[in-house]
Amino acid sequence: MKITSDHLARGAFIYIRQSTVDQLANNHESRRRQYGLAERARALGWTDVTVIDYDLGRSASGVSRPGFEKLLSAICEGRVGAVFAIEVSRLARNGRDWHTLI
């Protein structure tokens, strides 16, 4: 997909998540790569870059994810030009979340 001026006029949102405390403690490279997406968004032309990392250490199953809710709100309000994530599985794991996100 081509990045247009309409995309760039809205924000780039970087969604960062690791599911467990163990991943937080032992997988620093994944977190470093995820935070690096903010720089990638800037390199692609976004000046408004929001990093959402409230959900670090939270499993997607049965646990409230305030960061995911913030991302959904921004999408529904039309403020999102792009969502960046290392793996789409970080965004949603079940059909309900995918349906809401899309």
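Check the entry above for the structure.
Here is a short report on the structure shown in this document. Everything numeric here is computed off the predicted structure, so don't read it as measured data. (Residues numbered from 1 in each chain as written. Predicted model: local features only at pLDDT ≥ 70, side-chain atom pairs only at ≥ 80, totals over all residues. Heavy atoms only, no water.)

## Section: the pairing of strand β1 (residues 11-15)
Look at any regular strand and the pattern is simple: side chains alternate between the two faces of the sheet. As a reminder, the rule being used: Each residue is placed in one exposure class: buried if its accessible area under a 1.4 Å probe, protein chains only, is under 20% of its type's maximum, exposed if it is over 50%, and partly exposed if it falls in between. Only DSSP runs of H or I covering at least 4 residues are called helices, and only runs of E covering at least 2 are called strands; the numbering of each starts at the N terminus. Should DSSP find at least two bridges between two strands, the strands are taken to pair.
When you tally the buried positions in β1, you get five out of five residues, the bulk of the element. Neither face of β1 is exposed, since Gly-11, Phe-13 and Tyr-15 on one face and Ala-12 and Ile-14 on the opposite face are all buried. The pairing of β1 with strand β3 (residues 80-84) spans four bridges and is parallel. Residue pairing for β3: Phe-13 is matched across the bridge by Val-83. Relative to strand β2 (residues 49-52), β1 runs parallel, the two sharing four bridges. Across the sheet, residue Ala-12 finds its bridge partner in β2, namely Val-49.

## Things to note about the pattern of salt bridges
Opposite charge on two side chains permits them to pair, given that their charged atoms come into close proximity. Put simply, the test is: When a carboxyl oxygen of Asp or Glu is within 4 Å of a side-chain nitrogen of Lys or Arg, the pair counts as a salt bridge.
Per the counting criterion, the structure on display carries four salt bridges. Taking the shortest distance from any N to any O, the salt bridge between Asp-6 and Arg-10 comes out at 2.5 Å. With a shortest N-O distance of 3.8 Å, Glu-39 and Arg-42 are connected by a salt bridge. Here Arg-42 and Glu-39 lie together in helix α3 (residues 28-43), a separation of three residues that amounts to about one turn.

## Section: the nonpolar core
The condition is simple: Only buried Ala, Val, Leu, Ile, Met, Phe, Trp, Tyr and Cys residues count toward a nonpolar core, and they belong to the same one when joined by side-chain atoms within 4.5 Å. A contact between two residues is defined here by any heavy atoms of the two lying within 4.5 Å.
Counting residues in hydrophobic clusters, the biggest one holds 10 residues: Ala-12, Ile-14, Ile-16, Leu-37, Ala-38, Ala-41, Trp-46, Val-49, Ala-82 and Phe-84. Broken down by secondary-structure element, the contributors of at least two residues to this core are β1, α3 and β3. For Ala-82, the residues in contact, after removing those within four places along its chain, are Gly-11, Ala-12, Phe-13 and Trp-46. In this structure, Ile-52, Phe-68, Leu-72 and Val-80 belong to the second largest nonpolar core, which totals eight residues.

## Regarding the packing of aromatic side chains
To keep things clear, this is the line we draw: Classification of ring pairs uses Phe, Tyr and Trp, with its six-membered ring standing for Trp, and accepts pairs whose centres are within 6.5 Å; under 30 degrees between planes counts as stacked, over 60 as edge-to-face, and the remaining range as tilted.
Applying the stated criterion across every chain yields a total of two aromatic pairs. Look at Trp-46 and Phe-84: their rings are 5.7 Å apart centre to centre, the planes differ by 90°, and that puts the pair in the edge-to-face class. Taken together, the residues Trp-46 in the loop between α3 and β2 and Phe-84 in strand β3 connect sequence positions 38 residues apart. The burial state of Trp-46 is the same as that of Phe-84; both residues are buried.

## Re the environment of Ile-52
By secondary structure assignment, the location of Ile-52 is in strand β2. Relative accessible area serves as the criterion here: at 1%, Ile-52 is assigned to the buried category. The sequence separation of Ile-52 and Phe-68 amounts to 16 residues, and the corresponding C-alpha distance is 8.1 Å. Contacts of Ile-52, omitting those with residues within four sequence positions, involve Phe-13, Ile-14, Tyr-15, Ile-16, Gly-67, Lys-70 and Leu-71.

## Details of the environment of Glu-77
How we decide: Two N or O atoms count as a polar contact when they lie within 3.5 Å, although within protein this holds only if one can serve as hydrogen donor and the other as acceptor, and sequence-adjacent residues are included solely when both atoms are side-chain atoms.
Take Glu-77: it is sitting in the loop between α4 (66-76) and β3. For Glu-77, the side chain forms a polar contact with the side chain of Arg-79, separated by 2.7 Å.

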